[in-house]
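# Examination of the molecular architecture
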Amino acid sequence: MAPNDTDTQGRRMLTGLIDGTGANPPCAELLNLPRATSWSPGLITSATVFPEELTLTPGVVFGGWIACLVDHFAGLAMLSALPDGTGFLTAALAVDYRAPLVPGPADIEAEVTRCSTRHAMVEIRFSQSGRLAAVATVEQIISRAGGQHA
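So, here's what we can say about the structure. (Residues numbered from 1 in each chain as written. Predicted model: local features only at pLDDT ≥ 70, side-chain atom pairs only at ≥ 80, totals over all residues. Heavy atoms only, no water.)

## Considering the nonpolar core
F50, L69, I124 and F126 are the most contacted members of the largest nonpolar core, which totals 37 residues. Among the secondary structure elements, those contributing two or more residues to this core are helix 1 (9-19), strand 2 (43-50), helix 3 (63-81), strand 4 (104-115), strand 5 (119-128) and strand 6 (131-144). The greatest single-element share of this core, amounting to 11 residues, is contributed by helix 3. The residues touching L69, leaving out its near neighbours within four places in the chain, are L33, P34, F50, I108 and F126. (Core = buried A, V, L, I, M, F, W, Y, C linked by side-chain atoms within 4.5 Å. Buried < 20%, exposed > 50% of the residue type's maximum accessible area, 1.4 Å probe, protein only. Helix = DSSP H or I, 4+ residues; strand = E, 2+ residues; numbered from the N terminus. Contact = heavy atoms within 4.5 Å.)

Now the structure itself:
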């Protein structure tokens, strides 16, 4: 992991996404992914609202979209943690739904829980009304990438 006080390309990108001076990646716009609302090294948070249009079963947010959020926020957490010249790719993703996620306010928290030079684990937590509704884990493979983030 990059030292907490190090300025990195990923951290500058996150600051721009949060303060509105940076553009969301095209896939995030296309998939209507919520923006992060804060970050610190290894940690991303988002206070968002799940829209009614994302339900498949009436009153329950589509689980596939939640899995997409898991991958997206895990990637943002990696951007907050890795030094320049490092890339990453998702190797595995698992979601444990503990309660239905429903349209309305939701909090998302993604935290890098382990990180070595070649491998990282990110835990993503979804809460609604103060209750933990889903926990996910993402395994990331880390590589040297000539300054580009995957």
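Past the structure itself, the notes keep going.
## Observations regarding the pattern of salt bridges
In the structure shown here, the tally under the stated rule is five salt bridges. Between R125 and E109 there is a salt bridge, and its shortest N-O distance comes to 2.4 Å. Placement of R125 in strand 5 and of E109 in strand 4 is noted, with a sequence separation of 16 residues between them. Between E123 and R125 there is a salt bridge, with the nearest N and O atoms lying 2.4 Å from each other. (Salt bridge = Lys/Arg side-chain N within 4 Å of Asp/Glu carboxyl O.)

## Section: unusual backbone geometry
One non-glycine residue, N32, lies in the positive phi region at around 55 degrees. Among the structural elements, N32 can be located in the loop between helix 2 (26-30) and strand 1 (38-40). Phi at S129 is positive, roughly 50 degrees, even though this residue is not glycine.

## Here's the deal with the environment of A120
Along the chain, A120 falls in strand 5. Judged by relative accessible area, A120 falls into the buried class, the value being 0%. If sequence neighbours within four positions are ignored, A120 has contacts with M78, R114, C115, V138, E139, Q140 and I142.

All quantities given are derived from atomic positions and should not be read as evidence of function.
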